[in-house]
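Breakdown of the fold
The residues making up each chain are set out below.
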Amino acid sequence: MITPILLCGGSGTRLWPLSRKSFPKQFTDVVGDESLFQASARRFAGDGFAAPVVVTGDAFRFIVSEQLDEIGVTPAGIMIEPDGRNTAPAAIAAALYAAEIDPETLILLVPSDHAVADPEAFRKAVAQGRVAAEEGRIVTFGIAPARAETGYGWLEAGAATHDGVHVLNKFIEKPDAARAEALFADKQNMWNAGVFLARASDLIEAFKTHAPDIHDTVKAAMQAARKDLGFTRIDPALWARVPEDSIDYAVMEKAPNVSVVRFDGHWSDLGSWESVWQESDKDAAGNAVSEHSTAYDCENTLLRSESPEIELVGIGLKNIVAVATRDAVMVADTSDSQNVKKAVKELKARGAKQATAFPTDHRPWGWFESLVIGDRFQVKRIHVHPGAALSLQSHHHRSEHWIVVQGTARVTIDDTVKLVSENQSVYIPLGAVHRMENPGKVPMVLIEVQTGSYLGEDDIIRYEDVYARS
């Protein structure tokens, strides 16, 4: 059996404003009807694959659980990185985790934000690499290039060792345009997919040899990890000492036992809005237009509105990407869409909250969104999943008024517990210890009106919390 290791801790700012630090692209339905993370989990489920292990950040742990539950996948484990240290630390942490169960188990390291049009074909490519991995090779996967791409790293294949498996001659950095054309003309070159198959023991040995500092510090952090509500929390103090590096730089470019399998199917890392346009359905003029968007006399343009409240209209546009959310709009020449990350960096520098956060804030019990913010007041819509509960809490600086508009809430205010149904309301005085729960089988939605001198999310004193948040 092969154990998939789903890596999903990245911030995904290249697809801003759809993808942000608080809810990155792997958890969104960039293409298709499910998230990229869910599609990745499905891709490596079924015959020949064990339950996946997920490596993610603390802020996403409940999103991971919820999205896997939606597609009926039960993970073997969810590991929490205290902070992102690039792919090398995440990879060795996963290998050490898997080796605790069986050092000889095959693990498949997979980024969870890629799009693969033919999952079965990719599974067959993984099966091709299995024999080499069982013999001690570290197998990576190259994508048959569709164009002279400058946004990807490349791989150069050498002599064949097994059916469909070649020695990897070298990794090639993202090339300039001329170099990309030369690489594209030579069939031994492929795009680097960033997917690796190996026995856990072989990957651990490669780190011991080529990146001992990363191996040793990650191993110490893993030994000090603790269980928390079914998650494995890597020790944050020891993890902070781990050097940041990619698995390519740290190990793969140095290891002598790396092989490559060529995948001839369609693949994209969705690393820019240009690639999203390439993957989207288009009209006869090459326009990819979402619901709530209209293109008039446009060519080769992506128009995408993420809100039913915003109608996005493009007139006379050529080779343009325009993306609108409730709180931000991004417009760029398609060829410049790789620079979105630089624009987000500028937004951060001047303190724009849109750089990292959405109006909608996902929590383990559901989500809320700010509807109106004014001087000393805020109005929110709060959605609570069936059976979920917010923490028992109080506030120093604000009082709250709750109006239930869907479902029924069980409300605790100090020593009083009561049910509040649709069209009913309840007042939470300043300093009162309170909680809301959804005891029903359908979502509960309420409107919350906050008033007070300070309305920040950090004005919370938690007394009890089923999600073990501090």
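Calculation rules
Residues numbered from 1 in each chain as written. Predicted model: local features only at pLDDT ≥ 70, side-chain atom pairs only at ≥ 80, totals over all residues. Heavy atoms only, no water. Pairing = 2+ DSSP bridges. Helix = DSSP H or I, 4+ residues; strand = E, 2+ residues; numbered from the N terminus. Axes fitted to C-alpha atoms, helices over the stretch in contact; angles between N-to-C directions. Patch = residues over 30% accessible without salt bridge, like charges linked within 9 Å, V, L, I, M, F, W, Y side chains within 5 Å. Areas by Shrake-Rupley, 256 points an atom, 1.4 Å probe, with all protein chains shown as cover. Salt bridge = Lys/Arg side-chain N within 4 Å of Asp/Glu carboxyl O. Lys, Arg positive; Asp, Glu negative; His and termini not counted. Charge placed at Lys NZ, Arg CZ, Asp CG, Glu CD. UniProt positions renumbered as here; feature names shortened; annotations may be inferred. Contact = heavy atoms within 4.5 Å. Parallel < 35°, antiparallel > 145°, perpendicular 65-115°, else oblique. Left-handed = near helix turned anticlockwise from the far one by under 90°. Nonpolar A, V, L, I, M, F, W, Y, C, P; charged D, E, K, R; others polar. Buried < 20%, exposed > 50% of the residue type's maximum accessible area, 1.4 Å probe, protein only. Right-handed = clockwise from strand over helix to strand, strands pointing away.

If you walk across this open sheet you meet the six strands as E20-E21-E22-E29-E24-E27, and the pairing is antiparallel. For this open sheet the edge positions go to strand E20 (360-363) and strand E27 (425-428), each flanked by a neighbour on one side alone. Mean inter-strand twist for the sheet, computed between neighbouring axes without regard to direction, equals 20°. Both E20 and strand E21 (residues 366-374) contribute to a ladder of four bridges, which runs antiparallel. Residue Thr360 lies in a different strand from E21, and its bridge partner there is Glu369.

Side chains of Lys21, Lys174, Lys341 and Lys348 sit close together on the surface and give a patch of like positive charge. Within the secondary structure, Lys341 sits in helix H11 (residues 340-349).

According to UniProt, the feature "domain: Mannose-6-phosphate isomerase type II C-terminal" (unreviewed entry) maps to residues 354-465 in the numbering used here. Secondary structure across residues 354-465 comprises 0% helix and 57% strand; the distance between its end C-alpha atoms is 29 Å.

Turning to the environment of Arg410, a few remarks are in order. Looking at the element boundaries, Arg410 is found in strand E25 (residues 409-413). When the C-alpha atoms of Arg410 and Arg435 are compared, they prove to be 8.2 Å apart, with 25 residues separating the residues in sequence. Those residues in contact with Arg410 that sit more than four places away from it in its chain are Val417, Lys418, Leu419, Arg435, Met436, Glu437 and Pro439.

Time to look at the sheet that holds strand E14 (residues 288-289). Spatial ordering of the open sheet is given by E14-E16-E18-E19, a layout of four strands whose pairing is mixed. The open sheet is flanked by E14 and strand E19 (329-333), the only strands paired with a single partner. Across five bridges, strand E18 (residues 320-324) lies against E19 in antiparallel orientation. Bridge pairing links Ala322 to Val331 in E19.

Here the focus is the packing of helix H1 (residues 36-43) against helix H2 (residues 61-70). In contact at an axis separation of 10 Å, H1 and H2 are set at 55° when each is read in the N-to-C sense. Here H2 runs oblique to H1, going by the angle between their axes. Taken as a pair, H1 and H2 cross one another with a handedness that is right-handed. Every residue of H2 that contacts H1 at Phe37, Gln38 and Ala41 is listed here: Val64, Gln67, Leu68 and Glu70. Across the contact of H1 with H2, the residue classes tally to four nonpolar, two polar and one charged.

Inspection of every chain in the model, using the stated rule, returns 24 salt bridges. Between Asp202 and Arg199 there is a salt bridge; the shortest N-O distance is 2.7 Å. Between Lys380 and Glu457 there is a salt bridge, and its shortest N-O distance comes to 2.4 Å. Taken together, the residues span a long stretch of sequence, with Lys380 in strand E22 (residues 377-384) and Glu457 in the loop between strand E29 (444-452) and strand E30 (461-464) at a distance of 77 residues. Salt bridges here are not isolated pairs; linked through shared partners, they connect Asp58, Arg61, Asp228 and Arg233.

Among the five residues in strand E3 (residues 77-81), five count as buried, and that is most of the element. Taking every second residue as pointing to the same face, both faces of E3 are buried, with Gly77, Met79 and Glu81 on one and Ile78 and Ile80 on the other. Relative to E3, strand E2 (residues 53-57) is paired through five bridges, and the arrangement is parallel. From the neighbouring strand, Gly57 faces E3, where its bridge partner is Glu81. At this point the chain moves from E2, through H2, to the parallel E3, and the crossover so formed is right-handed. As judged from the three bridges shared by E3 and strand E11 (residues 231-233), these two strands associate in the parallel manner. Residue pairing across strands places Ile78 opposite Phe231, the latter belonging to E11.

The next thing to look at is unusual backbone geometry. Of note, the bond from Trp16 into Pro17 is cis; its omega dihedral lies within 30 degrees of zero at 10°. Along the chain, Pro17 falls in the loop between strand E1 (2-7) and H1. Look at Asn300: it is not a glycine, yet its phi comes out positive at around 50°. Tracing the chain through its elements places Asn300 in the loop between strand E15 (293-296) and strand E16 (302-305). Located in the positive-phi region is Asn423, a residue other than glycine, with phi close to 75°. The topology assignment puts Asn423 in the loop between strand E26 (416-420) and E27.

Below, the discussion takes up the environment of Pro111. Examined against the element boundaries, Pro111 turns out to sit in strand E4 (residues 106-111). On the basis of relative accessibility, which here comes to 14%, the residue Pro111 falls in the buried class. Considering only alpha carbons, one finds Pro111 and Gln26, 85 residues apart in sequence, at a separation of 9.0 Å. Excluding residues that lie within four positions of it along the chain, Pro111 makes contacts with Leu7, Ser40, Ala193, Gly194 and Val195.

Think of an α-helix as 3.6 residues a turn; residues three or four steps apart then line up on the same face. Arg61, Phe62, Ile63, Val64, Gln67 and Leu68 are the residues of H2 that are buried. Packing partners of the buried residues in H2 comprise H1, E2, E3, E11 and E20. Just downstream of H2, Gly72 is the residue with a positive phi angle, here 75°.

The next thing to look at is the packing of helix H3 (residues 87-101) against helix H6 (residues 200-210). In a packed pair of helices, the relevant descriptors are the angle between the two axes and the axis-to-axis distance. Two elements in contact, H3 and H6, have axes separated by 9 Å at closest approach and are oriented at 135°. The orientation of H3 relative to H6 falls into the category oblique. The way H3 lies across H6 gives a crossing that is left-handed. Contacts between H3 and H6 involve Ala88, Ala91, Ile92, Ala95, Leu96, Ala98 and Ala99 from the former and Ala200, Leu203, Ile204 and Phe207 from the latter.

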